[in-house]
Structure formats: structure tokens, C-alpha cells
Amino acid sequence: MFKIIKKRTLNPNVKLMEIQAHYVAKKAEPGQFIILRINEKGERIPLTVADFDRDKGTITIIFQEVGKTTKLLGTLNEGDALLDFVGPLGVASHYTNIKKVAVIGGGLGTAIAYPHAKKLFASGSEVDVIAGFRNKDLIILEKELKKSSTNLYITTDDGSNGNKGFVTDVLKKLIESGNKYDLVIAIGPLIMMKFVCKLTKEYNIKTIVSMNPVMIDGTGMCGGCRVTVGGETKFACVDGPEFDGHLVDFDQAMRRQSMYKKEEHEADHKCKLGGITNA
């Protein structure tokens, strides 16, 4: 069993949990993920490693309550425990000679972008973080990002935080004002990553994205997490989850992402009727 050491609400639908998982924390790196199961009847879901503490033996996960399992997870509290917590899975991020980088997070993707910014900033890179949210009430990790960046730019779709626009608007202004980036890391909704990559391709800036397709086993055997990269089929769980954004077929990924909307809606509806704790 994997005990919940800390629980924190980041916004009305997003929770942070620190999980006691010594062996996972011992080897976890930015870019990797875990697969958890709440109980014996629960489904396996992947969540990115948002942070880790090797001394304490803990892994931090951040999740949005959008479906049956994440809503059930959100009902757990400090002292409760998870049945399974497997990882670290996926290929860890590798950076070499990165003097200046733009790390971009969209919505919940900001939680996945954070460990990248933290590691690069700690290694001496100049880090510009751009985070985009629908409105100011959904902004997360602002304090943490300030500590792990040279410059932090937060924008909202509705301008409710005083900065209206998309992450691509900010990135384009920074590039055109003379910033020379060795690398751009973009993590968030598929449509956001697609347009970030479209922009960076114009300027020939290497761009890494993190893919989060449907995933079951996390070992490359089920094939559910397949994505097309450079015309080849890749499995996000073992080949990724990070890929060269200029080679990813985002349109195909978006089509696959919507394949199980009906089943997701039905599961959520059953939870509402029967009560989430009995799901």
C-alpha cells in the first residue's frame, strides 16, 4: 500500500498529492510517469511525476477530477493509501548544453512542465516559463514556477489575470524580441502543443512535447498508447512520453483521444447516480 502523505487543493478541480513510494522516488526523473490503482476493482491510470523527494521517498502527483477514477482519487485524504503505484515508467528527459529554454504549460499540463523547469533552472539554464489557463481561478503552481524560472509569464484566455491571450502569443513575442532559445518544451492540450510546434517550426527551434494518449499496461504490450511520430508508430509508454513535436501527427492523436468519450460519459454518469465512493 502507498500512503498519501500530503493533499493540497490547487483549484476547484485540481488536487496535489504526495505519495510515499520509496523505490519509485529513488529513480524518478522529469518526463516520467507512474500508473496507479486505487483499489482492487479500480482501473489503472497514468499520471505524470510532478515532483519527487528522494530523501523523503515521496512522489508528487497532480490530477484533475474529470472522470470516475480521478474523482474517486480526489475523495481520498492524508493517511489513506493506494493499492498500486507503479513506476517510474517512460523515458526520462535528457538535456545537453541548454543555455536558454522556453518551458510552456497549458492548463494541467503546467504541472507536467514544472519539473522540467525546476531541473533546467537548477542546472544553470536560463528558463522562461509560459503558462496558459482559461481564467485566473484555474492558475496553479505560480509560486513554485517563480522559484524555478528566470522569467514567468502567465496568460489567460479571458484576460482575468490581466494578461489576455494564448501561450503562442507570448512565445512569438519573446522570439521576435530577440530571445534565442536552444529548446522549447511544450506540455498541455494537444491543440495547444500542435500550434506551439507550428510556430517553433517556422523559427527552426527544437521542440519537445509530452504525449498522454490512452494507456493501460504501461509496458508497450497493449498498444493503446500508440502515436505516429515521423510516419512511424511509437508507444508513448516505452518510447516516450516525450517526442520531437515537429514530427508528431497531432491530428491523428486528437482523433484517437476522442474515441472513448461515450464510455467516459457513461462511467461518470453511473458515478453520479451511485455515489463516487461506491464506484
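Quick note: structure is the one above.
Along every chain, residues carry numbers that run from 1 in the direction the sequence is written. Restriction of local features to residues with pLDDT of at least 70 applies here, the model being predicted, together with a cutoff of 80 or more for giving and counting side-chain atom pairs; totals for whole chains, interfaces and linings are based on all residues. Side-chain numbers here rest on the full set of heavy atoms in the structure, without hydrogens or water.

*Asks:* What am I meant to see in the overall build of the protein chain here?
*Replies:* Per the secondary structure count, the protein chain includes eight helices and 16 strands. Values of the radius of gyration come from C-alpha atoms, whereas the globule rule sets the reference at 2.2 Å times the count of residues to the power 0.38. Its C-alpha atoms give the protein chain a radius of gyration of 18 Å, near enough to 19 Å, the size a compact globule of 279 residues would have. C-alpha atoms of the protein chain, sized along the principal axes, occupy 55 × 40 × 40 Å. Among the 279 residues that make up the protein chain, the fraction classed as buried is 48%. Two residues qualify as a contact provided that any one of their heavy atoms is within 4.5 Å of a heavy atom in the partner residue. Of the contacts made within the protein chain by residues no fewer than 6 positions apart, 64% connect residues no fewer than 24 positions apart. For accessible areas, the Shrake-Rupley method is used with a probe of radius 1.4 Å. Any residue's cover is judged against the shown protein chains and nothing else. Accessible area for the protein chain stands at about 14100 Å²; split by element, carbon and sulfur atoms hold 50% of it. Neither His nor the chain ends is counted toward charge; the positive residues are Lys and Arg and the negative residues Asp and Glu. Charge placement uses NZ in Lys and CZ in Arg. For Asp and Glu, CG and CD serve respectively. A gap of 1 Å separates the mean positions of the 39 positive and 33 negative side-chain charges of the protein chain. In DSSP terms, a helix is any run of H or I states spanning at least four residues, a strand is any run of E spanning at least two, and both are numbered starting from the N terminus. Throughout, exposure labels follow a simple rule: accessible area from a 1.4 Å probe, protein chains only, divided by the maximum for the residue type, with under 20% read as buried, over 50% as exposed, and the rest as partly exposed.

*Asks:* Where do I start with helix α5 (residues 167–176) in this structure?
*Replies:* Since one α-helical turn is 3.6 residues long, residues separated by three or four positions face the same way. Within α5 the residues assigned to the buried category are V167, T168, V170, L171, L174 and I175. Seen along its axis, α5 keeps its buried residues to an arc of 160°; they face one direction. Facing away from the buried side of α5 by over 90 degrees, the exposed positions are K173 and E176. Remark: G178 follows α5 within two positions and exhibits a positive phi of approximately 110°. What the arc measures is the spread of directions leading from the helix axis to the C-beta atoms.

*Asks:* Is there a simple way to explain helix α7 (residues 250–257) in this structure?
*Replies:* What α7 keeps buried is the set F250, A253 and R256. Looking straight down α7, one finds its buried side chains confined to an arc of 120°; they lie on one side. Taken together, the buried residues of α7 touch α6 (190–202), β13 (207–210) and β14 (226–229). Capping the start of α7, D249 holds a side-chain oxygen 3.4 Å from the backbone nitrogen of D251, two or three residues further along. Contacts described as polar in this section are N or O atom pairs within 3.5 Å, which, within protein, must combine one atom able to donate a hydrogen with one able to accept it, while residues neighboring in sequence count only if both atoms come from side chains.

*Asks:* Looking at this structure, I do not really get the environment of K118. What am I missing?
*Replies:* Looking at where K118 falls in the secondary structure, it is placed in helix α3 (residues 109–122). Measuring from C-alpha to C-alpha, the distance between K118 and G188 comes to 17 Å, with 70 residues separating the pair along the chain. In this structure K118 touches D51 and S148, once residues within four positions along its chain are discounted.

*Asks:* Which parts of the structure should I look at to understand the packing of α6 against α7?
*Replies:* When two helices pack together, you describe them by how their axes are tilted relative to each other and by the distance separating the axes. Two elements in contact, α6 and α7, have axes whose closest approach is 10 Å; the angle formed by their N-to-C orientations is 180°. Considering the angle they form, α6 stands roughly antiparallel to α7. Touching L190, I191, M193, K194 and C197 of α6 are F250, D251, A253, M254 and Q257, all from α7. Residues of the contact of α6 with α7, tallied by class, amount to seven nonpolar, one polar and two charged. Lines are fitted to the C-alpha atoms to define the axes, a helix being fitted only along its stretch in contact, and any angle between axes, read from their N-to-C directions, falls within 0 to 180 degrees. Here is the rule for angles: anything less than 35 degrees is roughly parallel, anything more than 145 is roughly antiparallel, 65 through 115 is roughly perpendicular, and the remaining ranges are oblique. Only Asp, Glu, Lys and Arg are considered charged in this grouping, and only Ala, Val, Leu, Ile, Met, Phe, Trp, Tyr, Cys and Pro are considered nonpolar; every other residue, Gly among them, is considered polar.

*Asks:* Can you walk me through the pattern of salt bridges in this structure?
*Replies:* Pairing is possible between side chains of opposite charge, provided their charged atoms come close. Just to be clear on terms, a salt bridge is a Lys or Arg side-chain nitrogen sitting within 4 Å of an Asp or Glu carboxyl oxygen. All chains considered together, the criterion is met by 12 salt bridges. Between E29 and R54 there is a salt bridge, and its shortest N-O distance comes to 3.0 Å. Of the two residues, E29 is situated in the loop between α1 (22–27) and β3 (33–37) and R54 in the loop between β5 (51–53) and β6 (58–64); the sequence distance between them amounts to 25 residues. Given a relative accessible area of 24%, E29 falls into the partly exposed group. E232 is paired through a salt bridge with K234; the nearest N and O atoms lie 3.5 Å apart. Owing to a relative accessible area of 26%, K234 belongs among the partly exposed residues under this scheme. Salt bridges here are not isolated pairs; linked through shared partners, they connect E29, R54 and K119.

*Asks:* Quick question: what am I supposed to make of the packing of aromatic side chains here?
*Replies:* Stacked, tilted and edge-to-face are the three classes assigned to paired rings of Phe, Tyr and Trp, where Trp is represented by its six-membered ring and a pair needs centres within 6.5 Å; plane angles under 30 degrees give stacked, over 60 edge-to-face, the rest tilted. As enumerated under the stated definition, the model contains one aromatic pair in all. Relative to F85, the ring of F2 has its centre 5.9 Å away and its plane inclined at 40°; by these criteria the two rings are tilted. Highlighted residues: F2 in strand β1 (residues 2–11) and F85 in strand β8 (residues 84–89), separated in sequence by 83 residues. The exposure class assigned to F2 is partly exposed, which follows from its relative accessible area of 23%. For F85, a relative accessible area of 4% translates into the label buried.

*Asks:* When you look at the sheet that holds β8 in this model, what are you seeing that I'm missing?
*Replies:* Through backbone hydrogen bonds, the strands of a sheet pair up, either in parallel or in antiparallel fashion. Two strands form a pair only when DSSP identifies at least two bridges running between them. Strand order in the open sheet formed by three strands is β4-β3-β8, with antiparallel pairing between adjacent strands. Looking at strand neighbours, the two that pair on one side only are β4 (45–48) and β8, the edges of this open sheet. Adjacent strand axes in the sheet meet at a mean angle of 25°, parallel and antiparallel pairs treated alike. Looking at chain direction, β3 and β8 are connected through four bridges and run antiparallel. Residue pairing for β8: F33 is matched across the bridge by L89.

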